[in-house]
Amino acid sequence: MAAAGRGAGGGVVVGAALVVPYRELGVLGGMAGLVWIALVVHGFKGMGRSDGVLGVVGAVTAFALGGCAAAEVMDGLTTLFSVLAAALTGFLMHNWPPARVAIGTCGALFVGFLLAGGALHVYAVGYGRVWVRPSP
């Protein structure tokens, strides 16, 4: 169990390195994106132990990111965030204190990674292009 916990940090960084939009963010923005994803994912991992906290924070964040993605006309991410918000709201009904079910470490890492990576993509499409130099 302890070995799996230590290896999760490296797996998050490797996964984040594969999804960061370097073209829109550039190298320095991409590195900041890696740090952002790792911090958010491990923050959600810590929230997974408290009754109701991960469900509330995740559902509100997914709903807000769905609105931001809709404003940027990113239909796929809008749908993904809306479905995640609905799923977390349904989960919250069973996780409210006293909790009858728990999301676990794997579920918390998944939700955190999805929200952090999705937020980075919404930002990159909306504002990240300002940092990219035009090609000659």
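Since the model is a prediction, treat every value here as computed from it, not as a measurement.

(A) Structural context of the packing of helix 3 (residues 53-71) against helix 4 (residues 75-95). One can describe the packing of helix 3 onto helix 4 by two numbers: an axis separation of 8 Å at closest approach and a directional angle of 160°. As summarised for this structure, helix 3 and helix 4 are arranged roughly antiparallel, according to the angle between their axes. By crossing handedness, the relation of helix 3 to helix 4 is classed as left-handed. Every residue of helix 4 that contacts helix 3 at Leu54, Gly55, Val56, Gly58, Ala59, Ala62, Phe63, Leu65, Gly66, Ala69 and Ala70 is listed here: Leu77, Thr78, Phe81, Leu84, Ala85, Leu88, Thr89 and Leu92.

(B) Layout of unusual backbone geometry. At Val73, a position not held by glycine, the phi torsion is positive, near 55°. Examined against the element boundaries, Val73 turns out to sit in the loop between helix 3 and helix 4.

(C) Geometry of the nonpolar core. Counting 32 residues, the largest nonpolar core has Ile37, Phe44, Phe81, Leu84 and Leu115 as the members making the most contacts within it. Elements that contribute at least two residues to this core include exactly helix 1 (2-19), helix 2 (22-47), helix 3, helix 4 and helix 5 (104-126). It is helix 5 that contributes the most residues to this core, ten residues altogether.

(D) Molecular detail of helix 3. Between its terminal C-alpha atoms helix 3 stretches 27 Å, which fits the 27 Å expected from 19 residues at 1.5 Å a residue. The set of residues buried in helix 3 consists of Leu54, Gly55, Gly58, Ala59, Ala62, Leu65, Gly66 and Ala69. Down the axis of helix 3, the smallest arc covering the buried residues is 140°, so these residues share one side. Facing away from the buried surface of helix 3 by more than 90 degrees, the exposed residues are Val60, Phe63 and Ala71. Where helix 3 is buried, its residues contact helix 2, helix 4 and helix 5. Two residues or fewer after helix 3 comes Val73, characterised by a positive phi angle close to 55°.

Rules and cut-offs
Residues numbered from 1 in each chain as written. Predicted model: local features only at pLDDT ≥ 70, side-chain atom pairs only at ≥ 80, totals over all residues. Heavy atoms only, no water. Axes fitted to C-alpha atoms, helices over the stretch in contact; angles between N-to-C directions. Helix = DSSP H or I, 4+ residues; strand = E, 2+ residues; numbered from the N terminus. Parallel < 35°, antiparallel > 145°, perpendicular 65-115°, else oblique. Left-handed = near helix turned anticlockwise from the far one by under 90°. Contact = heavy atoms within 4.5 Å. Core = buried A, V, L, I, M, F, W, Y, C linked by side-chain atoms within 4.5 Å. Buried < 20%, exposed > 50% of the residue type's maximum accessible area, 1.4 Å probe, protein only. Expected span 1.5 Å × (residues − 1). Arc of directions from axis to C-beta.

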